[in-house]
Amino acid sequence: MGSIMFVKKMPIVFGMALLGLLGTTVTANASASTAAAPCRQPVSSVSVHGRVIHLWLCDNGWHGQITNGATGDPVWLDSARGTVTGYRTIPAGGTSANTGTVGQYGGPWRACGRAFNAPEIVCTARN
């Protein structure tokens, strides 16, 4: 009985050893969210008409996000010089959108947004 267990486990052990030698990483349940660059929120979010505007700093740069929104709500990044970058709107049927990502330079950045057709624009603090 012991030799049967050894034969059943041998291919698995061999496969794991081969993966180790090849330097291949195996992850269970990998998803897009785990593959994304690690991010942090360096400043507090702001809200307007129930929409929430976030500024994120990730390994690959800065991006803004609008959540709890509706179709057509815009979000963008504003550079230290006042240049609008990464302008995006929430697509039809969506409730959130992310700006394009900018690098680590050009800051301090802030994320801005508003409710579609509302005059009030809100922005996070700069960071």
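Okay, so let's go over this structure. Owing to the predicted nature of the structure, the values given are computational and were not obtained by experimental measurement.

Before going further, it helps to examine unusual backbone geometry. Even without a glycine there, the phi angle at His 49 is positive, about 50°. Within the element layout of this structure, His 49 appears in the loop between strand 2 (46–48) and strand 3 (51–58). For Asn 68, which is not glycine, the phi dihedral falls at a positive 60°. Tracing the backbone through its elements, the reader meets Asn 68 in the loop between strand 4 (61–67) and strand 5 (74–78). For Asn 68, a relative accessible area of 55% gives the class exposed.

Attention now goes to the pattern of salt bridges. Counting across every chain of the model gives three salt bridges. The salt bridge partner of Asp 73 is Arg 51, with a shortest N-O separation of 2.6 Å. With Asp 73 in the loop between strand 4 and strand 5 and Arg 51 in strand 3, this residue pair connects regions lying 22 residues apart in the sequence. Exposure class is identical for Asp 73 and Arg 51. Each is buried. The partner of Asp 78 in a salt bridge is Arg 110, and the shortest N-O contact between them spans 2.8 Å. Placement of Asp 78 in strand 5 and of Arg 110 in strand 8 (residues 110–113) is noted, with a sequence separation of 32 residues between them. Among the residues examined, Arg 110 registers a relative accessible area of 26% and is labelled partly exposed. Shared partners join several salt bridges into a network, and the residues in it are Asp 78, Arg 110 and Arg 126.

In this fold, Arg 81 is placed in the loop between strand 5 and strand 6 (84–89). Residue classification places Arg 81 among the exposed positions, given a relative accessible area of 82%.

With that settled, the discussion passes to the state of the cysteines. Applying the stated criterion across every chain, the model contains two disulfides. Cys 39 shares a disulfide with Cys 58; S-S distance 1.9 Å. For the disulfide bridge between Cys 39 and Cys 58, the dihedral angle about the S-S bond is near 100°, and by the sign convention the bridge is right-handed. Placement of Cys 39 in strand 1 (residues 39–40) and of Cys 58 in strand 3 is noted, with a sequence separation of 19 residues between them. Judged by its relative accessible area of 6%, Cys 58 is buried. With its sulfur 2.0 Å from that of its partner, Cys 112 forms a disulfide with Cys 123. On the S-S bond that ties Cys 112 to Cys 123, the torsion sits near 110°, and the link is right-handed. Separated by eleven residues along the polypeptide, Cys 112 in strand 8 and Cys 123 in strand 9 (residues 122–123) bring together distant segments of the chain. A relative accessible area of 23% means that Cys 123 is categorised as partly exposed.

The rules behind each value
Residues numbered from 1 in each chain as written. Predicted model: local features only at pLDDT ≥ 70, side-chain atom pairs only at ≥ 80, totals over all residues. Heavy atoms only, no water. Helix = DSSP H or I, 4+ residues; strand = E, 2+ residues; numbered from the N terminus. Buried < 20%, exposed > 50% of the residue type's maximum accessible area, 1.4 Å probe, protein only. Salt bridge = Lys/Arg side-chain N within 4 Å of Asp/Glu carboxyl O. Disulfide = S-S within 2.5 Å.

In short, geometric facts, not functional conclusions.
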